[in-house]
Amino acid sequence: MEHPAPWHRGPSWLRNRDGHGGPLRRDPADRLGGGVAAGVATWRGFNVTTIRIAFVLATLISTGYFVPAYVVAWLLIPAAGEDASIASKARSDTSGIRLAVGLASLLVFVLVVAGALNDGWFSGWAWPQVVSLAGLVLIWRNSSPQEQATLRHLVEPLGAAAGAGARDEGQNRRRRSILRLAVAGVLVIGGAGWLFSARESLDLLQPLGGVVLVIAGIVLLLGPWWLRIARDLVLERQARVRAEERADIAAQVHDSVLQTLALIQRRADDPQKVIQLARLQERELRSWLFEGRAPNETDDLTVGAGVRQIQQDVESRYGVPVEAVTVGECELDDNLTALLAAAREATVNAAKWSGASVISLFAEVEPTEVSLVVRDRGTGFDPAAVPADRKGLAESVHGRMTRRGGTVTVTSAPGEGTKVSLKMPRAAAQPHPVSRAR
Amino acid sequence: MTGPAPRVVLVDDHGLFRSGVRAELGRQVDVVGEAEDVQPAIELITELLPDVVLLDVHLPGGGGQAVIQAIKTDHPQVRFLALSASDAPEDVIAVIRAGARGYVTKTISTAELADAVRRVAAGDAVFSHRLAGFVLDAFAASPPPGDLKPEFDPEFEQLTSREREVLRLIAQGYTYKEIARELYISAKTVESHVSSVLRKLQLSTRHQLTRWAAERRLT
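Residues numbered from 1 in each chain as written. Chains lettered and ligands numbered in written order. Predicted model: local features only at pLDDT ≥ 70, side-chain atom pairs only at ≥ 80, totals over all residues. Heavy atoms only, no water.

S.K.: What is the right way to look at the sheet that holds strand β1 (residues 322–327) of chain A in this model?
M.R.: Whenever strands of a sheet pair, they do so through backbone hydrogen bonds, lying parallel or antiparallel. Residues and elements named next belong to chain A. Read across the open sheet, the 5 strands follow the order β1-β2-β3-β5-β4; overall the sheet is mixed. For this open sheet the edge positions go to β1 and β4 (407–412), each flanked by a neighbour on one side alone. On average, adjacent strands in this sheet sit at an angle of 10 degrees to one another, irrespective of strand direction. Both strand β3 (residues 369–376) and strand β5 (residues 418–425) contribute to a ladder of 8 bridges, which runs antiparallel. From the neighbouring strand, R375 faces β5, where its bridge partner is K419. (Pairing = 2+ DSSP bridges. Helix = DSSP H or I, 4+ residues; strand = E, 2+ residues; numbered from the N terminus. Axes fitted to C-alpha atoms, helices over the stretch in contact; angles between N-to-C directions.)

S.K.: In this structure, what is going on with the environment of V365 of chain A? I would like to understand it.
M.R.: Residue and element names in this part refer to chain A. Positionally, V365 belongs in strand β2 (residues 359–365). Distance in space between the C-alpha atoms of V365 and V327 is 6.2 Å, their sequence separation being 38 residues. Those residues in contact with V365 that sit more than four places away from it in its chain are V303, V327, G328, E329, C330, V370 and R426. (Contact = heavy atoms within 4.5 Å.)

S.K.: I tried to follow the interface of chain B and chain A on my own but got confused; where do I start?
M.R.: A common way to express how large an interface is: the accessible area buried when the components associate. Across the contact, 15 residues belong to chain B and 14 residues belong to chain A. The interface formed by chain B and chain A includes 5 salt bridges. We note a salt bridge from R375 of chain A to E178 of chain B, for which the minimum N-O separation is 3.2 Å. At the junction of chain B and chain A, the tally comes to 11 residue pairs in polar contact (both at pLDDT 80 or more). For the side of chain B that touches chain A, the secondary structure elements donating two or more residues are α6 (129–138), α7 (161–171) and α8 (176–183) of chain B. Taken together, the residues that form the side of chain B that touches chain A break down as 4 nonpolar, 5 polar and 6 charged. (Salt bridge = Lys/Arg side-chain N within 4 Å of Asp/Glu carboxyl O. Polar contact = N/O pair within 3.5 Å; in protein donor to acceptor, adjacent residues only side chain to side chain. Nonpolar A, V, L, I, M, F, W, Y, C, P; charged D, E, K, R; others polar.)

S.K.: Would you mind showing me how to read the environment of A122 of chain B here?
M.R.: Residue and element names in this part refer to chain B. Following the sequence through the fold, A122 ends up in the loop between α5 (110–121) and β6 (126–127). The class of A122 is exposed, set by a relative accessible area of 60%. With 70 residues separating them in the primary sequence, A122 and V52 have C-alpha atoms 9.6 Å apart. (Buried < 20%, exposed > 50% of the residue type's maximum accessible area, 1.4 Å probe, protein only.)

S.K.: What exactly am I supposed to notice about a nonpolar patch on the surface here?
M.R.: On the surface, I53, V56, L57, L60 and I61 of chain A cluster together into a nonpolar patch covering about 520 Å² of accessible area. Mapped onto the fold, L60 of chain A is located in helix α2 (residues 48–61). (Patch = residues over 30% accessible without salt bridge, like charges linked within 9 Å, V, L, I, M, F, W, Y side chains within 5 Å. Areas by Shrake-Rupley, 256 points an atom, 1.4 Å probe, with all protein chains shown as cover.)

S.K.: Any chance you could explain the packing of aromatic side chains here in plain terms?
M.R.: Here the distance between the centres and the angle between the planes together describe a pair of aromatic rings. This structure, assessed with the given rule, holds 3 aromatic pairs over all chains. Considering the side-chain rings of F55 of chain A and Y70 of chain A, the 5.9 Å spacing of their centres and the 85 degrees angle between planes classify their relative orientation as edge-to-face. Of the two residues, F55 of chain A is situated in helix α2 and Y70 of chain A in helix α3 (residues 66–76); the sequence distance between them amounts to 15 residues. Here F55 of chain A matches Y70 of chain A in class, with each residue buried. Where Y70 of chain A meets W74 of chain A, the ring centres are 6.3 Å apart and the plane angle is 80 degrees; that geometry is what we call edge-to-face. Within this pair, Y70 of chain A and its partner W74 of chain A are both found in helix α3, separated by 4 residues, close to a single helical turn. What makes Y70 of chain A buried here is its relative accessible area of 18%. Accessibility expressed as a relative area gives 2% for W74 of chain A, which makes it buried. Taking NZ or CZ as reference, R375 of chain A lies 3.6 Å from the ring centre of Y174 of chain B, over its face. (Phe/Tyr/Trp six-rings, centres within 6.5 Å; stacked < 30°, edge-to-face > 60°. Lys NZ or Arg CZ within 6 Å of the ring centre and 35° of its normal.)

Here it is in structure tokens:
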């Protein structure tokens, strides 16, 4: 029975052969717009900022034609951790398509009129945005709630200009923002007038003054909004980091406390054993809470040492012999520490539930990845029949591996034992699949 | 069990272990003698000419390979199965290269040990999960050109991908029968892959095979 990581589905032409192994995915964890730049960056192993600068340059060089390309990428590339792209959802959204076509044709009309009056630089840049507008409408209607929030930011100044943005703000604030808008409007119009009137003049200082006024107006008009976007992005990232920490804590508590409680229930008739288990757990919990040491943290810094540690711990705690073999050796990085934690969980599961007399633990270090197999000849189970609330395999093993770009394959059948194969790319061999905000 | 029980000599410096093995194996194989060091073992084996010698890797008077080297030129029909508690890779590889037909750990179950003895007696190779790991490790990196003796024969310097697969499964605790099922080949084919690995292990001229073990100790 195969459990491929969720992002191993999707259109095959988006898959990549040389990058981080996974297909191209937008990265909502590190986005300014749709997360396309962040997705490309982690996919190809570049710095996000480099990609963003490249995108801006591409926009300037292509006189705006890159913007619709970006929007189309936003539509077609699924977000990391999701199966379907926005485009596939939008296909069934007929009223959304109608709205997109309507707005796009409205823009076309405006552009035709503008073109008739003044054929120039502006409409050259605006034409490709017909596609962008239609695309953004579809994204707006079909994307996930977080992405909709991003889009709300994008359209906010339009609403503010119409007086709608200040709706839920206090009277005082509202008056101030109207004042701000008015001053900004005067500055922009005045500056623009200055600029245009100065065209024929030979005085170079005069158009410069006009430019300064226009820029001041734009900053006044959009500055607070930009600040808010930046602040919201930071808050959003913090919330995400907190959610991930919570998931890690949950996994940790499951591995130690819940496992020990389960053991205590099974050994309830043996007071000595119960005390021993409780003491052990108390020590672990204390060292985790007060010394910041994860209960399963390995002191040694190599894969082989980590495997030996698992072997010792499982043998002493569950009394089931573990036959461990490590081929090759390398130092641990964050990915491999997660791999070992997942392997530990799989081994503990085998010791507790399989009833096997011996558990095999096999680790092989290869140039680009480390694979680890936990195998027992115990009772086995039907992987399809495991209830969703049984957290062991799902969160501790699966979550730990997939969060870092690893894969898990569980082969088991009732009466035939269980084999859990874990594969984790080595960080030294390729960049971390998801670059987190610092 | 087919045919007569194989005649076995135990060579181990721990009397307790010898008597334990003798008591457990007694019904399944024919333990004809015991020795506790290199020199008495050589004399005993030359005298009894058993089918299989169960040989401890560590002996006070020179290690298991000394026994094999003394016996194998004159009596190639005597087969050796190495046995150890310590699992230091350099010792295990040295005994195998000296000519042992297999290696098992002392934690092996009685039934499995009896089976291993019978298979070695029949001329097969017996790889424990740990030996499979050692061999994979030793053949892992391709040797640097300067690391080979002039009589370099490429046939013995690399494992085929099939042999690697078989060794990986052995290292994961699969029996030959399970491997055959997993890889859709016959148990005989698995056996021949393992024998071929054993041959490569014994004939390879890679310095690495012995040096690798020393390096591992340092890391």
